[in-house]
Amino acid sequence: MVMGELIQETDVLVIGAGPGGYSAAFRAADLGLDVTLLDMQKRPGGECLFQGCIPSKTLLNLAELIHEARRTEFMGVTFDQPRIDLGKIRAWKEKVIDRLANGLFTLGEKRGVQLLKGQGVFEGSDRVRVYNSEISQIKFRRAVLATGSRPKSLPGIEFKQNGRIMNSAGALALTDIPESLLVIGGGYIGLELGTVYASLGSRITLVETQNRLLPEVDPDLVLPLKERLSKIFKAIHLSTRVLSLNEAGNRVETIFGGDVDTPDQTFDRVLVAIGRQPNSDGLGLNTTKVSMDANGFVVVDEQQRTSDERILAIGDVTGSPLLAHKASHQGKVAAEVIVGKPSAFDAQVIPAVVYTDPQIAWCGLTEEEARKQNRSIRVERYPWKLSGRATSMNAVDGLTKIIVDAETLRVLGFGITGRNAEGLISEGALAIEMGAQLEDLALTIHPHPTLSETLAETAEIFLGRAAHVLPGRRGDANGP
Ligand code: FAD
């Protein structure tokens, strides 16, 4: 031992205080364990709170207000052009983060969790060296690895603070409103942040190497979004690759390869949103028995145990889907497994939401996956132009889609595009978790007029008794 080292012992050391880590720490403390929660940030929240879900949705909420106000003129209400005060927007975003981070800090303290700022590096299966902290080393009985993920970079491109080539964190810092912004990547982060900047006045060009936006999402659900984005973005280039990026003065020079007329273009700023990679390197995992897959994600079983009996892992660092609610669910499982409860991460579905305008949400099996698995399914789509509530809100660019087992009529998958898809999808998730059949959805009385009726009415189309669709017709073949 080095003289002057401060060594601490704990039952459970959680490394990383994102939604996965703080959920694990809080649950473990509630179960009576002595818990230390270590993070490089002083307060819990992780990528989700400081540079991800919360700041992006705070800004998307403003984007939605701005877009909505622009769409009401033909209904008889006209607003002035919005006046953007970037300083105030940043302050509002920081206030939201601050309020939530303070709340988490207090919740941790009140539970008796030791919240420690510092960077952890394993020195074996039972100890972690801590850098930039008052504690030098922590010895643990069990550790939960919850170090999350970070944005991937393009080869040879470094994200510099205040640089014009930004990752999602740089874009969320909202340094200025570039006149022109190139978004590289048609996944949800690129589309969401592109939407934010478009609403603030930037001209957005988006490039995606694949031949569709949101490649992992059902194309039926993406179609209304693509139509909308082609109105608010200057250009969307699919099957296009960025061959080079060069920051020159106040501009970024780019060369594209693929489906684009002008391969050489310059932009005020560039957002690189091409995916995320696990924070599993530089953690000293080679001093433990933890194993990783070829992409560096930590391998776990359904009880969140790694191949090292003392170490569990949760959240983004364990692989797809990289979502906060998956991380927090796994965190609770890990804590319960540590105290010997028979818990497992055995969720039937993990819903996902894209907070664009319109929003997209889905859970369970998609039509493409079902076909690949040769599963016998039936599919119905309910276009929102049939919905009274959607029409009253001028939100008819939506769709509800349900996938069921052809024989048992058990619901297997839901997809929703449209206003408040984020809220509506939970009914689908519950239905699948409960093993619901179409009849259950159809017989559940949904309040009128609401967008939730579209779920029940989609079920009724299957059963041939939907009021707004003629018997024997498909939902998407009908109109009022
Ligand atoms: P993280 O939240 O990544 O937290 C990991 C923590 O570990 C960090 O605080 C980090 O400081 C700490 N850490 C890392 N290494 C060390 C170390 N060696 N020592 C100490 N501490 C360490 N997900 C959603 O579900 N919904 C959304 O709407 C959504 N929007 C997003 C928008 C953006 C722009 C981004 C970037 C992400 C978004 N996500 C969203 C993804 C979400 O943020 C992640 O899935 C989630 O944060 C993962 O949680 P986690 O607990 O695994 O790790």
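For the structure, see preceding data.
If you're wondering where the values come from, they're calculated on a predicted model, not measured in any experiment.

*Asks:* Looking at this structure, I do not really get the environment of Lys110. What am I missing?
*Replies:* Along the chain, the position of Lys110 falls in helix α4 (residues 86–110). The exposure class assigned to Lys110 is exposed, which follows from its relative accessible area of 73%. Each C-alpha atom of the pair Lys110 and Phe26 lies 9.9 Å from the other, and the pair is 84 residues apart in sequence.

*Asks:* Sorry, what's going on with the sheet that holds strand β21 (residues 399–405) here?
*Replies:* Note: strands within a sheet are paired through backbone hydrogen bonds, in either parallel or antiparallel orientation. The strand order across the open sheet formed by five strands is β18-β19-β22-β21-β20, and the pairing between neighbours is antiparallel. Edge positions in the open sheet fall to β18 (352–354) and β20 (377–383), since each of these has one partner strand only. Neighbour to neighbour, the strand axes of the sheet diverge by 10 degrees on average, direction disregarded. Two elements, β21 and strand β22 (residues 411–417), share six bridges in a ladder whose sense is antiparallel. Following the sheet pairing, Ile403 is matched in β22 by Gly413. The strands that helix α11 (residues 421–433) touches are β18, β19 (360–364) and β22; relative to β22, the one it contacts most, it runs at about 175 degrees. Packed on one face of the sheet, helix α13 (residues 453–463) meets β20, β21 and β22 and runs near 130 degrees to β20.

*Asks:* Would you mind showing me how to read unusual backbone geometry here?
*Replies:* Negative phi is the rule for most residues except glycine; trans is the rule for most peptide bonds. Cis geometry is adopted by the peptide bond preceding Pro358, which originates at Asp357 and carries an omega value of 0 degrees. Examined against the element boundaries, Pro358 turns out to sit in the loop between β18 and β19. In this structure, the amide linkage connecting His448 to the following residue, Pro449, adopts the cis form with an omega of -10 degrees. Here Pro449 lies in the loop between α12 (438–443) and α13. The residue Leu174 is not glycine, and still its phi comes out positive at about 55 degrees. By secondary structure assignment, the location of Leu174 is in the loop between α5 (168–172) and β9 (180–184).

*Asks:* What should I look at first to understand the packing of helix α6 (residues 188–200) against helix α7 (residues 219–232) in this one?
*Replies:* The packing of two helices is summarised by the inter-axis angle and the distance between the axes. Packing of α6 against α7 leaves a shortest axis separation of 11 Å and a crossing angle of 35 degrees. In terms of crossing hand, the pair formed by α6 and α7 is left-handed. Within the contact between the two elements, α6 uses Leu191, Thr195 and Ala198 and α7 uses Leu225, Leu229 and Ile232. Each residue belonging to the contact of α6 with α7 can be placed in one class, and the counts come to five nonpolar, one polar and no charged.

*Asks:* When you look at the site of the ligand in this model, what are you seeing that I'm missing?
*Replies:* In the neighbourhood of the ligand, 38 residues make up the surrounding shell, with Gly20, Asp39, Lys57, Asp316 and Ala324 lying closest. Interatomic distance of 3.5 Å between a backbone N/O atom of Pro19 and an oxygen atom of the ligand. Backbone polar atom of Gly20 to an oxygen atom of the ligand: 2.8 Å apart, as the coordinates give it. Within the complex, the protein chains bury 95% of what would otherwise be the 990 Å² of accessible surface of the ligand. Top element by residues in the shell around the ligand is helix α2 (residues 46–51). It accounts for four residues. Looking at the shell around the ligand, its residues break down into 16 nonpolar, 17 polar and five charged. Two domains each donate at least three residues to the shell around the ligand, and these are domain 1 (7–150 + 278–338) and domain 2 (165–274).

*Asks:* What's the story with the packing of aromatic side chains in this structure? I'm lost.
*Replies:* Remark: the centre distance and the inter-plane angle together describe each pair of aromatic rings, the angle taken between the planes. For the structure shown, the criterion picks out three aromatic pairs. Both rings, one in Tyr22 and one in Phe26, keep their centres 5.5 Å apart while their planes meet at 40 degrees; by these two values the pair is tilted. Of this pair, Tyr22 and Phe26 both sit in helix α1 (residues 19–30), four residues apart, which is roughly one turn of that helix. For Phe26, a relative accessible area of 7% corresponds to the buried category. Above the plane of the ring of Phe105 lies Lys42, whose end atom (NZ or CZ) is 5.1 Å from the centre.

*Asks:* Sorry if this is basic, but what is going on with the environment of Pro351 here?
*Replies:* Within the fold, Pro351 resides in the loop between α8 (324–338) and β18. Once the C-alpha coordinates of Pro351 and Lys326 are considered, the two residues, 25 residues apart in sequence, prove to be 9.0 Å apart. Excluding residues within four positions of it along the chain, Pro351 makes contact with Leu323, His325, Trp362, Cys363, Ile425 and Ala429.

*Asks:* Even after reading the chapter, I still don't get the nonpolar core, so can you show me in this structure?
*Replies:* Buried together is how nonpolar side chains tend to be arranged in soluble globular proteins. Counting residues in hydrophobic clusters, the biggest one holds 37 residues, and the most contacted among them are Leu214, Leu271 and Ile360. The greatest single-element share of this core, amounting to six residues, is contributed by α6. Among residues more than four places away in sequence, those in contact with Leu214 are Gly186, Gly187, Tyr188, Leu191, Val222, Leu225, Val354 and Ile360. Counting 32 residues, the second-largest nonpolar core is a separate cluster that includes Ala390, Val404, Ile425 and Leu441.

*Asks:* What should I look at first to understand the side chain of Ser328 in this one?
*Replies:* As for its position among the elements, Ser328 is in helix α8. Setting aside chain neighbours within four positions, we find Ser328 in contact with Pro19, Gly20 and Ser23.

*Asks:* Please clarify how the sheet that holds strand β12 (residues 240–248) should be interpreted in this entry.
*Replies:* The three strands lie next to each other as β12-β13-β14, forming an open sheet whose pairing is antiparallel. A single partner strand is all that each edge strand has here, and the edge strands are β12 and β14 (264–267). Taken over all neighbouring pairs, the strand axes of this sheet differ in orientation by 25 degrees on average, direction set aside. Two strands pair when backbone bridges link them, and β12 and strand β13 (residues 251–258) are joined in this way by eight bridges, in the antiparallel orientation. When the bridges of β13 are listed, Asn246 appears paired with Glu253.

Definitions and limits used
- Residues numbered from 1 in each chain as written.
- Predicted model: local features only at pLDDT ≥ 70, side-chain atom pairs only at ≥ 80, totals over all residues.
- Heavy atoms only, no water.
- Helix = DSSP H or I, 4+ residues; strand = E, 2+ residues; numbered from the N terminus.
- Buried < 20%, exposed > 50% of the residue type's maximum accessible area, 1.4 Å probe, protein only.
- Pairing = 2+ DSSP bridges.
- Axes fitted to C-alpha atoms, helices over the stretch in contact; angles between N-to-C directions.
- Contact = heavy atoms within 4.5 Å.
- Left-handed = near helix turned anticlockwise from the far one by under 90°.
- Nonpolar A, V, L, I, M, F, W, Y, C, P; charged D, E, K, R; others polar.
- Near = heavy atom within 4 Å.
- Polar contact = N/O pair within 3.5 Å; in protein donor to acceptor, adjacent residues only side chain to side chain.
- Areas by Shrake-Rupley, 256 points an atom, 1.4 Å probe, with all protein chains shown as cover.
- Domains from an automatic or database assignment.
- Phe/Tyr/Trp six-rings, centres within 6.5 Å; stacked < 30°, edge-to-face > 60°.
- Lys NZ or Arg CZ within 6 Å of the ring centre and 35° of its normal.
- Core = buried A, V, L, I, M, F, W, Y, C linked by side-chain atoms within 4.5 Å.

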